[in-house]
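Structural overview
Here is how the chains run, residue by residue.
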Amino acid sequence: MEDTQKENQPMATCETTKIKQCDDVMNTNASQVVSIEQDEHGFDRIGVQQGQSPKVKTGLFGRLAGFFRKKSRKKKTEEKEDKSIPDLWFVFQKLEKKTIEQQEDTRSRPTQRVIKDQKQHGLFPYYDELINQTVLDKMVLDNLISRCILMIEDREEIIKPTTQRERNKVLLDILTDRPYGTFQVFKDVLKESDPHNSDVQELISRMQCTVNSEENMSCNKINVNDNAIRMQKNYTLLVNNIVSTTDVTDYLIGEDIMLHEEQEEVCASGLTTNESNRRLLDKLLYKDRNGYHQLLKALRHAEYFQIANEVSNTAVTEFDQKLYRIGITKFRDRQDTKEENFEDFQFIRSTIEKLASTQDDVIPKNILERLLKDWDTGYVCNVSSNRNMNYTMFLEMFINNLNKLEHSKQENLACTQDINNTDIALSGSCSMGTVYLVKWLISRKSDINYCGKGGETPLKVAQDHGHLEVVALLKAESAN
């Protein structure tokens, strides 16, 4: 009972986040509820048309083919304007951005969501509250598994993120991808899983489903193991009522069903009994079909006779089998998508590495030289406000070129005023939010309290544009 109370401690997270929109062409999320994001400059410049159907490989290869065609054309025409690189550069910076996003754990951000199938999801209006105010990966998850709404297999994916908010998000994304209505069952499970949390109960009392739910229980005719369903239906019973997990694992080791290393992981110090039981069931799930029968023997050996009898006598209905088939099919689909995404990730990375090894071709030297010349001749804003400064590879190359200059020349550039509006590069960089360039300018003794014709300091410019990291940098230097 203590374990149960510990696991249901209320969350007190209130994370402020930015609403973002996603790019239709690169979005590979097949779930009904998807996160979306948008760069402040937009990527329409690279020729991606709104409404294009999501095609991962075709679109990607098409872009790369376009890149190599552009490269050959560029040798024939040497434009003096900035327009010679934006299209090319946006393509590869977008690829680099997508590569990073597919690998990193998604950071906290509020979620404006697009519902692909409006017959689902009554949970949508409460999505952010559920993410921020609840604990869904403990007892709620246990109960949803016991009802065959979610799978034991889903648990590994749900508990993987490091923050509670992200774990809640993964669970809700999987839940709302089911082809049948899950609003009421989720509401019931949430209510019974956390009855003493007044904030959660108040949220539940406000939850009303205004979306008509049309059941679609069709699924692939895959073979199902009724014993696996029995384990699922008794998941909460097993998690909450096995008092000594060690007694069960000792028997399983003796029968060569479990390894000593697995027992150490299941019974690791610091885990609650409930968590040890969850890990035990996760391990048994991937054993052969004898795992279920050996679990029953282990329960009886450890004198959990009533639990063993209840599990073995559990009826498996046709409806249970349908739910199980749907859950397994959805799980396998996500695994297949991950494999496809990983292949795309490897391809993108290898392409970027090849480009990085031939950067003179990707970013012609004359463009970098022209930007430096513009800066030196007083066209400062043309340089500091150049949109390509937002992209890491371009900015790194630009700063590398700056660092090749004499140190005194670098300091002179940092203090050079624009011939039109008297701004210095630091003001434009604070407006753009280019953190690395701001750092470089500060290190080259740029005036952090400089006021141009508009009368605004770099700090005020950064604050007005919402660039918090730049604001923090300037305040660390005692900027006014």
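Remember, it's a predicted structure, so these values are computed and weren't measured experimentally. (Residues numbered from 1 in each chain as written. Predicted model: local features only at pLDDT ≥ 70, side-chain atom pairs only at ≥ 80, totals over all residues. Heavy atoms only, no water.)

Describing helix 16 (residues 305–312)
Turning to helix 16, its buried residues are Ile307, Ala308 and Val311. Angularly, the buried residues of helix 16 cover 100° about the axis, an arc narrow enough to put them on a single face. In this fold, the buried residues of helix 16 make contact with helix 10 (226–233), helix 11 (235–241) and helix 15 (290–301). (Buried < 20%, exposed > 50% of the residue type's maximum accessible area, 1.4 Å probe, protein only. Helix = DSSP H or I, 4+ residues; strand = E, 2+ residues; numbered from the N terminus. Arc of directions from axis to C-beta. Contact = heavy atoms within 4.5 Å.)

Some points on the confidence of the model for the protein chain
In this model, the protein chain carries an average pLDDT of 76, and 69% of its residues clear a pLDDT of 70 or more. Note on residues 9–61: pLDDT is under 50 here. Beyond four places in sequence and across chains, it has 109 contacts. (pLDDT = per-residue confidence, 0-100.)

Overview of the packing of aromatic side chains
Applying the stated criterion across every chain yields a total of 2 aromatic pairs. Seen in terms of ring centroids, Trp375 and Phe398 are 6.2 Å apart; in terms of plane orientation they differ by 10°. Their pairing is stacked. Taken together, the positions of Trp375 in helix 19 (residues 365–376) and Phe398 in helix 21 (residues 392–403) put the pair 23 residues apart, joining distant regions of the chain. Of the two residues examined, Trp375 and Phe398, each falls in the buried class. Put simply, the rings of Trp375, Phe398 and Trp440 touch in pairs and so form one group of aromatic residues. (Phe/Tyr/Trp six-rings, centres within 6.5 Å; stacked < 30°, edge-to-face > 60°.)

A short note on the packing of helix 6 (residues 152–159) against helix 7 (residues 164–175)
Where helix 6 meets helix 7, the axes come as close as 8 Å, and the angle between the chain directions of the two elements is 145°. The interaxial crossing formed by helix 6 with helix 7 has right-handed handedness. Contacts between helix 6 and helix 7 involve Asp154, Glu157, Ile158 and Ile159 from the former and Arg167, Val170, Leu171 and Ile174 from the latter. Of the residues assigned to the contact of helix 6 with helix 7, the class counts are 5 nonpolar, no polar and 3 charged. (Axes fitted to C-alpha atoms, helices over the stretch in contact; angles between N-to-C directions. Left-handed = near helix turned anticlockwise from the far one by under 90°. Nonpolar A, V, L, I, M, F, W, Y, C, P; charged D, E, K, R; others polar.)

As for a negative patch on the surface
A surface patch of negative charge is lined by Asp333, Asp336, Glu339 and Glu340. With respect to the helices, strands and loops of the structure, Glu340 is situated in helix 17 (residues 318–357). (Patch = residues over 30% accessible without salt bridge, like charges linked within 9 Å, V, L, I, M, F, W, Y side chains within 5 Å. Areas by Shrake-Rupley, 256 points an atom, 1.4 Å probe, with all protein chains shown as cover. Salt bridge = Lys/Arg side-chain N within 4 Å of Asp/Glu carboxyl O. Lys, Arg positive; Asp, Glu negative; His and termini not counted. Charge placed at Lys NZ, Arg CZ, Asp CG, Glu CD.)

Observations regarding the UniProt feature "repeat: ANK" (unreviewed entry) in the protein chain
The residues that UniProt annotates with the feature "repeat: ANK" (unreviewed entry) are residues 454–480. End-to-end, the C-alpha atoms of residues 454–480 are 16 Å apart, and along that stretch the chain is 59% helix and 0% strand. (UniProt positions renumbered as here; feature names shortened; annotations may be inferred.)

Notes on the packing of helix 21 against helix 24 (residues 435–443)
In contact at an axis separation of 10 Å, helix 21 and helix 24 are set at 15° when each is read in the N-to-C sense. Relative to helix 24, the element helix 21 is oriented roughly parallel. When you trace helix 21 past helix 24, the crossing you get is right-handed. For the pair formed by helix 21 and helix 24, the contact residues are Leu395, Ile399, Leu402 and Asn403 on the first element and Tyr436, Leu437 and Trp440 on the second. In the contact of helix 21 with helix 24, the residues fall into 6 nonpolar, 1 polar and no charged. (Parallel < 35°, antiparallel > 145°, perpendicular 65-115°, else oblique.)

Thoughts on the nonpolar core
Within the largest apolar cluster, 67 residues are counted, with the highest numbers of intra-cluster contacts made by Leu150, Leu171, Leu172, Phe186, Val248, Leu252 and Leu299. Not counting residues within four places of it along the chain, the set of residues in contact with Val248 comprises Ile242, Leu280, Leu295, Ala298, Leu299, Ala302 and Tyr304. Counting residues in hydrophobic clusters, the runner-up holds 34 residues, among them Val380, Trp440, Ala462 and Ala479. (Core = buried A, V, L, I, M, F, W, Y, C linked by side-chain atoms within 4.5 Å.)

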